[in-house]
Every structure is written in C-alpha cells, then in structure tokens.
Amino acid sequence: MDKENDTFAGKTILVTGGAGSIGRELVKKILSTDVHSVRVLDNNETGLHDVALDFGDPRIRLLLGDITNEKRMIRAMQNVDLVFHTAALKHVPICEYNPFEAAETNVRGTQNCIDAAIENSVEKMIFISTDKAVSPFNVMGATKLVAERLTLAANSYSISTKFSCVRFGNVLNSRGIQDIEIGR
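Quick caveat, the model's predicted, so the values are computed rather than measured.

*Asks:* How would you summarise the sheet that holds strand β6 (residues 162–168) if you had to cite specific residues and measurements?
*Replies:* Spatially, the 6 strands line up as an open sheet ordered β3-β2-β1-β4-β5-β6, and their pairing is parallel. Strands with a single pairing partner mark the edges of an open sheet, and in this sheet they are β3 (60–64) and β6. Between one strand and the next, the sheet's axes are offset by a mean angle of 20 degrees, whatever the strand orientation. In this structure, strand β1 (residues 12–16) lies alongside strand β4 (residues 82–85), joined through 4 bridges in parallel fashion. The partner of L14 across the bridge, within β4, is V83. Packed onto the sheet, helix α5 (residues 99–119) meets β1, β4, β5 (124–130) and β6 and runs at close to 165 degrees relative to β5.

Next up, the structure:
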C-alpha cells in the first residue's frame, strides 16, 4: 500500500467474516496501512484465535458474533468508518441442502449489516459477492444476488452511508487468496 495515499489512515474498519479466506486477506492488506483499528467479526472462534496468532497486531479487535444477530451487528459497527462485508455461506452443496439457513445468513444477515451501518452512520459498506450471482441457478447464487440488490437499494434510503458491491470470481484455492488490491 502507498502510505501517502492511505485511504484507511486513522480509520476503524470492520471486516465481517474476517476469519474466512477473503476476510483474512482483507485484514492482512488493511493492516499494511495506517489504519487505527480493524475489527474482525466472525462466528468461528477458532478462526478468530488463528487471526490473532497469525497477525499479532495490537490494532486488531476480535469480535465473536454472527451477522444474523441484529443487535450484535449494531454493537459491532459502533464508531466504525468502513465495513467490508464478506461473511456468508458460500459452499454451493451445503446451501443447496440447507436453503433456509443460506437465506437467513446471506439475505437477512446482509440486511442486518445494512441496518447497523445506517444506524451507526458508517461512511461506506462494501459487500463482497460472487460471480454465481449472475443468472443464478443455485441457492447460494440466488441468495447472494438478493443480498446485492438489498445492498444497492440501501443507497436510495440511506442519508449518510454509501453502499457498494464487488463480485469475486471462482478463485482457485480460495482459502489462501494472495492478490487482493484495496484502497485505490
């Protein structure tokens, strides 16, 4: 990261799903900036513990919680400047077998994040989606498409928070993504 053009300088950033492959890589990249603090929220206690051990950075704040818990999301976003929303159920076969849970997490969980961001006047929330949201033919893709639509629609009624989406394609060995560029 170019420290002279550091978009994150002095900011507090929340990464939902921060113990997952995309979330962890975002945390790593964000920590290479002059960020004030990074809140890493996940419902995976062991994953959070691993984040703490792997990064060992005092700017990390570990938050155990689930995006389906609206009150938890409101608390997690207090005094946050920017949110990267990566938390989701992403395994196609598991979502196919558990469609209600996929919708609950990917759709309701995203709406909880949107509502919490607005309530806390977060500057911006960026939703990380998937190429499977294009003409979806499976539950995971359909729920991510709905989550995208919810995120973008929030711009029509939010006064101060801006919302955007980015789609990631199928990434080989996505548990260890190395080439995410942020902050430009």
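After that view of the structure, there is still more to cover.
*Asks:* Which residues make up the confidence of the model for the protein chain, and what values go with them?
*Replies:* Taken as a whole, the protein chain shows an average pLDDT of 90; of its residues, 89% reach a score of 70 or greater. In the predicted structure, residues 175–184 sits below a pLDDT of 50 and forms 25 contacts with residues beyond four places in sequence or in another chain.

*Asks:* So what's going on with helix α2 (residues 45–55)? Residues and values would help.
*Replies:* Every buried residue of α2 is listed here: G47, L48 and V51. The buried residues of α2 occupy an angular sector of 100 degrees when the element is viewed end-on, so they sit on one face. Residues of α2 that are exposed and point more than 90 degrees away from the buried face comprise E45, T46 and L53. In this structure, the buried side of α2 is in contact with α1 (21–31), β2 (37–42) and β3. Regarding α2, its N-cap is N44, as a side-chain oxygen of that residue lies 3.2 Å from the backbone nitrogen of T46 further along. A positive phi of about 50 degrees marks G56, the residue just after α2.

*Asks:* Lay out the pairing of β2 in plain terms, naming residues and giving numbers.
*Replies:* Each regular strand displays side chains that alternate between the two surfaces of the sheet. Along β2, 6 of the 6 residues are buried, which leaves the element largely enclosed by surrounding structure. Here β2 shows no split at all, with S37, R39 and L41 on one side and V38, V40 and D42 on the other all buried. Examined bridge by bridge, β1 and β2 share 5 bridges and lie parallel to one another. Counterpart to L14 in the pairing with β2 is R39. For the handedness criterion, the β-α-β arrangement of β1, α1 and β2 is classed as right-handed. Crossover connection from β2 via α2 to parallel β3: handedness right-handed.

*Asks:* Go over the packing of α1 against α2, please, and point to the residues and values.
*Replies:* If you want to describe how two helices pack, look at the angle between their axes and the distance between the axes. For the pair α1 and α2, the least separation of the axes is 12 Å and the interaxial angle reads 30 degrees. In this view, α1 runs roughly parallel relative to α2, as classed from their interaxial angle. Crossing of α1 against α2: the hand is right-handed. Mapping the contact onto sequence places R24, V27, K28 and L31 in α1 and G47, D50, V51, D54 and F55 in α2. The class makeup of the residues in the contact of α1 with α2 is 4 nonpolar, 1 polar and 4 charged.

*Asks:* Residues and numbers for the side chain of S37, please.
*Replies:* If you trace the backbone, S37 turns up in strand β2. When its relative accessible area of 4% is taken as the criterion, S37 is described as buried. For S37, the side chain forms a polar contact with the side chain of T12, separated by 3.3 Å. Excluding residues within four positions of it along the chain, S37 makes contact with K11, T12, I13, R59 and R61.

*Asks:* Quick rundown of the packing of α5 against helix α6 (residues 139–153)? Include the residues and the values.
*Replies:* Viewed as axis vectors pointing N to C, α5 and α6 meet at an angle of 15 degrees, and their least axial separation amounts to 9 Å. In terms of axis orientation, α5 runs roughly parallel to α6. When the axes of α5 and α6 are compared, the crossing they make is right-handed. Across the interface between the two elements, P99, A102, A103, N106, V107, T110, Q111 and I114 from α5 touch V139, M140, T143, K144, V146, A147, L150 and T151 from α6. The class makeup of the residues in the contact of α5 with α6 is 10 nonpolar, 5 polar and 1 charged.

Calculation notes
Residues numbered from 1 in each chain as written. Predicted model: local features only at pLDDT ≥ 70, side-chain atom pairs only at ≥ 80, totals over all residues. Heavy atoms only, no water. Pairing = 2+ DSSP bridges. Helix = DSSP H or I, 4+ residues; strand = E, 2+ residues; numbered from the N terminus. Axes fitted to C-alpha atoms, helices over the stretch in contact; angles between N-to-C directions. Contact = heavy atoms within 4.5 Å. pLDDT = per-residue confidence, 0-100. Buried < 20%, exposed > 50% of the residue type's maximum accessible area, 1.4 Å probe, protein only. Arc of directions from axis to C-beta. Polar contact = N/O pair within 3.5 Å; in protein donor to acceptor, adjacent residues only side chain to side chain. Right-handed = clockwise from strand over helix to strand, strands pointing away. Parallel < 35°, antiparallel > 145°, perpendicular 65-115°, else oblique. Left-handed = near helix turned anticlockwise from the far one by under 90°. Nonpolar A, V, L, I, M, F, W, Y, C, P; charged D, E, K, R; others polar.

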